[in-house]
Amino acid sequence: MADSNNRVVLKLDGDLECQGFKVFLEIGVGGQLPQIEMMGYLPANPQLAQQLRHHWRDRYRTIGAPYIRSPESFQTDTDAGMTYRIKPKKSFASHRETRFVACQQSAQKLAQDFCQWLMSPGFYRLDLCLREELAKDEEIELLIRCDDGDIKKLPWHLWSFCQRYSRTEVSFGSRVTSRVKTSQPKPTPQVKILAILGHGEDIDTSGDRQFLNQLPQAQVEFLVEPKRQEINAKLWQDSWDIIFFAGHSQTLGDRGKIYINPQESLEIADLSYGFQNAVKQGLTLAIFNSCDGLGLVQKIEDWQIPVAIVMRELVPDKVAQQFLTSFLTQFSQGDSFRTSVRRAREQLQGLEGEFPCASWLPIIYQNCLDLRLAWHSFIAPVETKVFAKSPEVKLSVKSNFSEIAPPITQESSWQNWLKNNPVKLGVLIFSLILGQVWGLPSLANYFNQQGQAEVETPSDVERPWVRAKRWFQLALWFDRNHSAAHVNLGNMYDDLGHIDKAEYHYTRSYNLLNAVGCNNLSRLYIRQGQHERASITLMQCKNLLKKNQPWTEYSIAKNQGWAALEQQSYRLARHYLETAIDLKPNEGAAHCLMAQLPDLEESQFAIHAETCIDNVRDTLPEEVQWKARVQDQLETGEFRR
């Protein structure tokens, strides 16, 4: 895999026509979790939504001719759902020439309206942040995560940021994404490609076949106008790195359909088990070099195919062939995946005199958190015998006990360490013996539980945190990725006022996908006045929740309400606090916050104030303050801010 220097994620929540979008920006470096997080907003733009549909449906599609499918089984499709083949400009009659010009003008207006929308104040500051933090000569992975279909049809490549930062290419993904788990394919000296050449009426796929046969270090197997059973068999019988489809396809509603031969069409769902098996066997990239591919995206996501290239609209034969040739040529010669896609897409601009919007058509759909794809990553390296030196072998043993084991160098070092560290030696021997029985994770769990017991049963001799700290640190000696121990150490340092150390351990637990640590980190941000950062982090915390975590779910919703209240987003605060109260009606904290909402009716204030005072816990300083504030409001009769 070729490393990408920077990763930018824009997460859009909302819709284009009515609500607008809350925009969450994340900037990470070197494959790490985000170092910069910001929140912005894009307003609803019904005019842009109307122009978007007008362009693709009423201008772009009218310059083509319907693709007539002969099988009677396909005749149930309505005219609106028919696939079109785009005609080149030179074959147009005068009325088609008019449509061609109208399509070009429509594209210009859409591009202008779109770029103007991105200049909205709520988004422009995110744009400035990107330009301040990122260098133009670095490769940037830019992922837009959104479930609104309009977003995928907008020309994001025309955003001024993408224009000026030449080493980035936009990809799209679902708003909620998980890590894709694939099995490593068997070592092979060649990239394995399954090329499916579907129904070929009015399509010349001979150029695709000839080019694929010439790819370096590639083993290509062709299925020409295959039957459904043939495709299914290939998906089960062998492993593939890349699957390629050329032919007719279309989107009906939100479902994608491909035409595999003159008699058969199928939805990708019709071969769901076969595709899922292919992913398990190592399928990494799917290329659908066919018309109107956005309907295929949903199933690509369901099966967790890591990366796919689809055409967002109807694609002419010449455009499809040139894109495939340009992309695979550069990709197979060592260029990164994103660079190869961008250059191949930009080269299509030379065809726009015949085929308008050709460079708008190819898009990347990314169903993984980390897109670092290279041609050589598919090819197994040549095995060579390397004899490891003995110190290197010993280092692998040392790594499990790096914080308590002695340096393994000379005999004198061993003697000095044994003499000066008898307690650590005892712990090491004890752990090695018990580790054979219980395993290191079990020991870490045991020590973490001992620390929790110390906290819950304070000693009269010393503060409970003193002994607890020893147990939690011992748990991390055996398992440095024990997320619960990091949470407990974070709580300890938070209680002692060591905020930097608390933030470190909360962040470690968050990186280890612990919802409790994530929530505690967000609470720390709110107390520090970093309300936007807290709001963004809390959105991630919800995605980390597991079953049977009702208290954590309540606490996340309560903290979301708290952060919104601090930002004076009262409507949003009410929504989150009502969610928290529904989860835990008798917990006082959410009621305390609800009582602070402005314009609350007196009867509602009284209910929330009573529950707040009677049920709030006195263990957290902010909750003590909320209770006192509500009591003051009751005493002074000030029921509103």
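Residues numbered from 1 in each chain as written. Predicted model: local features only at pLDDT ≥ 70, side-chain atom pairs only at ≥ 80, totals over all residues. Heavy atoms only, no water.

Engineer: Break down unusual backbone geometry for me, with residues and values.
Structural biologist: Negative phi values dominate among residues other than glycine, just as trans dominates among peptide bonds. Phi at E225 takes a positive value of approximately 45 degrees, unusual for a residue other than glycine. With respect to the helices and strands, E225 occurs in the loop between strand 9 (218-224) and helix 7 (228-237). Of the residues examined, E225 reaches a relative accessible area of 33% and is grouped as partly exposed. Even without glycine at this site, C357 takes up a positive phi of about 65 degrees. You can call C357 buried: its relative accessible area is 5%. (Helix = DSSP H or I, 4+ residues; strand = E, 2+ residues; numbered from the N terminus. Buried < 20%, exposed > 50% of the residue type's maximum accessible area, 1.4 Å probe, protein only.)

Engineer: Lay out the state of the cysteines with the relevant residues and their values.
Structural biologist: For the structure shown, the criterion picks out two disulfides. Between the sulfur atoms of C518 and its disulfide partner C541 the distance amounts to 1.9 Å. Its S-S torsion of about -85 degrees marks the bond between C518 and C541 as left-handed, since a negative value means left-handed. Placement of C518 in helix 19 (residues 515-527) and of C541 in helix 20 (residues 531-544) is noted, with a sequence separation of 23 residues between them. Disulfide pairing places C592 opposite C612 at an S-S distance of 1.8 Å. On the S-S bond that ties C592 to C612, the torsion sits near 90 degrees, and the link is right-handed. Here C592 is found in helix 23 (residues 588-594), whereas its partner C612 is found in helix 24 (residues 602-615), with 20 residues between them in sequence. The pair C592 / C612 is uniform in exposure class, with both members buried. Note on C115: no disulfide assigned, nearest cysteine sulfur contributed by C162 at a separation of 9.8 Å. Judged by its relative accessible area of 28%, C115 falls in the partly exposed class. (Disulfide = S-S within 2.5 Å.)

Engineer: I'd like to hear about the pairing of strand 13 (residues 285-290), residue by residue, with values.
Structural biologist: Where burial is concerned, most of strand 13 is hidden: six out of the six residues are buried. The side-chain alternation of strand 13 yields two buried faces, one formed by L285, I287 and N289 and the other by A286, F288 and S290. Sheet analysis places strand 13 next to strand 14 (residues 307-311), joined by three bridges and oriented parallel. The partner of L285 across the bridge, within strand 14, is V307. (Pairing = 2+ DSSP bridges.)

Engineer: Go over the packing of helix 10 (residues 317-332) against helix 11 (residues 337-347) with me, naming the residues and quoting the values.
Structural biologist: Taken N-terminus to C-terminus, the directions of helix 10 and helix 11 make an angle of 145 degrees; their axes are 8 Å apart at the nearest point. The handedness of the crossing between helix 10 and helix 11 comes out as right-handed. Residues Q322, F323, S326, F327, Q330 and F331 of helix 10 pack against F337, S340, V341, R343, A344, R345 and Q347 of helix 11. For the contact of helix 10 with helix 11, the class distribution of residues is six nonpolar, five polar and two charged. (Axes fitted to C-alpha atoms, helices over the stretch in contact; angles between N-to-C directions. Left-handed = near helix turned anticlockwise from the far one by under 90°. Contact = heavy atoms within 4.5 Å. Nonpolar A, V, L, I, M, F, W, Y, C, P; charged D, E, K, R; others polar.)

Engineer: Any chance you could break down the nonpolar core for me, citing the residues and the numbers?
Structural biologist: Residues W156 and F327 are the most contacted members of the largest nonpolar core, which totals 113 residues. Of all the elements, helix 10 adds the most residues to this core, at seven residues. Both domains that meet at this core, namely domain 1 (6-65 + 94-173) and domain 2 (191-378), each give it at least three residues. For W156, the contacting residues outside a window of four places in its chain are L12, F114, L118, I144, I151, C162, V170 and F172. Counting residues in each nonpolar core, the second largest holds 51 residues, with Y554, I556, A590 and M594 among its members. (Core = buried A, V, L, I, M, F, W, Y, C linked by side-chain atoms within 4.5 Å. Domains from an automatic or database assignment.)

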